Amino acid sequence: MPRSHQHWLYVWIPLVTATIWFGTLLAMLITWLAQGRPHYVSQDGSIAYISDVGADILKPLFVTGCCITGVGFFLSLVVERWLRHSGRLIPEMRRRERVLSCLAILGSFIGGAGLILLSIFDTKRHPSLHRVFLLVFIVGVGLSAIFTVIEYRWISKDFTELRKLKFAYVMKGVIATLLILCAIAFAIALFEATDVGAVLEWTIAFGYTFYLLTFFFDLRMAKGVHRGQLAPSQIRNMQQQGIPVSTATAGHEGNFGIEGGEPRASNDTYNTFNTFNGRQPLLHNGQNGQPTYPKTAYYAPNGRAANYPA
């Protein structure tokens, strides 16, 4: 049986990525302020852009932070896709979700590559190339975010009873929308109001940390879910038998206890509850001692069967 903390093998990727990205930005901002807000060679306005600070003495830090962030962002989406494919996260039930997931991964690869290249080709020595790769980074991450939000929207629509899944979709949508709007404003301010553009760039960069952290929330939902437990065939089988999907998603909804007025999930990999807080199951055993489930029954806190809408 998989260890209960096996999900941490994947969760650390977006967590470390977000921490390093935030730490890199914070170190650069503090350095610029501590030095008395120096005016760099590549700087136009009174407020330094991230690229201005990253093109000076802190370039090694900037390149390292961007490389780790670009790779970590890409790996976060790849791992998320793999966990869905292996049945440890709620799966995509239709081809469109899988296509959107692949497009999101492609966008993250393009965005990550743009981030790495813009740090190497800095604005001080390669101003034209730097702006091209900055555009590549913004477009790549933006498209990845859009595809991811749409994918989560479709998945959440199929499993409306999973509150954490809906929360993940809403959280991603809000953060991505704000960052995209700020990016559009940044593109305008870059040519019209230099200092405003600098403030927006720092804001977008720090805001990107929160978007990265949403994948920490996503991958953590694999906690307590065994390989294949949420495979599409298993989900369809549960739906045909009238079993709530939430009974097999410990990481998505948490292990329920009687204190919260909800049933408690067992550790059975492919079936639902064998016990209910020490009480006898509501449903009769089938062949070989395996529980069977009528189409419209599930465990209820009051010990009675209740109808589950199809």
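As the structure is a computational prediction, the values presented were derived from the model and not from experiment. (Residues numbered from 1 in each chain as written. Predicted model: local features only at pLDDT ≥ 70, side-chain atom pairs only at ≥ 80, totals over all residues. Heavy atoms only, no water.)

(A) Highlighting the overall build of the chain. When you go through the chain residue by residue, the secondary structure sums to nine helices and zero strands. Ordered by position in the sequence, the α and β elements of the chain form the string α-α-α-α-α-α-α-α-α. Across the 310 residues that make up the chain, the buried fraction comes to 46%. For the chain, the proportion of contacts with a sequence separation of at least 24, taken over those separated by at least 6, is 70%. With the model as given, the accessible surface of the chain reaches about 15,300 Å², and the carbon-plus-sulfur share is 64%. (Helix = DSSP H or I, 4+ residues; strand = E, 2+ residues; numbered from the N terminus. Buried < 20%, exposed > 50% of the residue type's maximum accessible area, 1.4 Å probe, protein only. Contact = heavy atoms within 4.5 Å. Areas by Shrake-Rupley, 256 points an atom, 1.4 Å probe, with all protein chains shown as cover.)

(B) Here's a closer look at the packing of helix α3 (residues 59–85) against helix α4 (residues 95–120). Closest axis-to-axis distance for the α3/α4 pair is 8 Å, and the angle between their directions is 175 degrees. Viewed along their axes, α3 and α4 adopt a mutual orientation that is roughly antiparallel. (Axes fitted to C-alpha atoms, helices over the stretch in contact; angles between N-to-C directions. Parallel < 35°, antiparallel > 145°, perpendicular 65-115°, else oblique.)

(C) The nonpolar core, seen in detail. One finds W21, V53, F73, Y208 and Y211 to be the most contacted residues of the largest nonpolar core, which totals 42 residues. Mapped by element, the contributors of at least two residues to this core are α1 (8–34), α2 (50–54), α3, α4, α5 (127–158), α6 (163–192) and α7 (194–220). The leading source of residues in this core is α7, at 10 residues. For Y208, the residues in contact, after removing those within four places along its chain, are W21, T69, F73, F137, V141 and L179. With 11 residues, the next largest nonpolar core counts V79, L83, A168 and M221 among its residues. (Core = buried A, V, L, I, M, F, W, Y, C linked by side-chain atoms within 4.5 Å.)

(D) Focus on a nonpolar patch on the surface. A grouping of V99, L103, L106, F109 and I110 is seen on the molecular surface, where their side chains present a nonpolar patch of about 420 Å² in accessible area. Summarising the element assignment, L106 is placed in helix α4. Classification of L106 as partly exposed rests on a relative accessible area of 46%. (Patch = residues over 30% accessible without salt bridge, like charges linked within 9 Å, V, L, I, M, F, W, Y side chains within 5 Å. Salt bridge = Lys/Arg side-chain N within 4 Å of Asp/Glu carboxyl O.)

(E) Expanded view of the pattern of salt bridges. Within this structure, the stated rule accounts for six salt bridges. Its salt-bridge partner being E80, residue R84 comes within 2.5 Å of it at the nearest N-O pair. With R84 and E80 both in helix α3 and four residues apart, this pair spans about one turn of that helix. Note on E80: relative accessible area 3%, which makes it buried. A salt bridge links R84 to E151, with the nearest nitrogen and oxygen atoms 3.9 Å apart. Of this pair, R84 sits in helix α3 while E151 sits in helix α5, placing them 67 residues apart in sequence. Here R84 and E151 have matching classes, each one buried.

(F) Looking closely at the environment of V63. Relative to the assigned elements, V63 resides in helix α3. C-alpha of V63 to C-alpha of D122: the two residues are 59 residues apart in sequence and 9.5 Å apart in space. Aside from chain neighbours lying at most four places away, what touches V63 is S119 and I120.

(G) Spatial organisation of the environment of R220. Within the secondary structure layout, R220 lies in helix α7. A relative accessible area of 33% places R220 in the partly exposed class. Separated by 210 residues in the primary sequence, R220 and Y10 place their C-alpha atoms 8.2 Å from one another.

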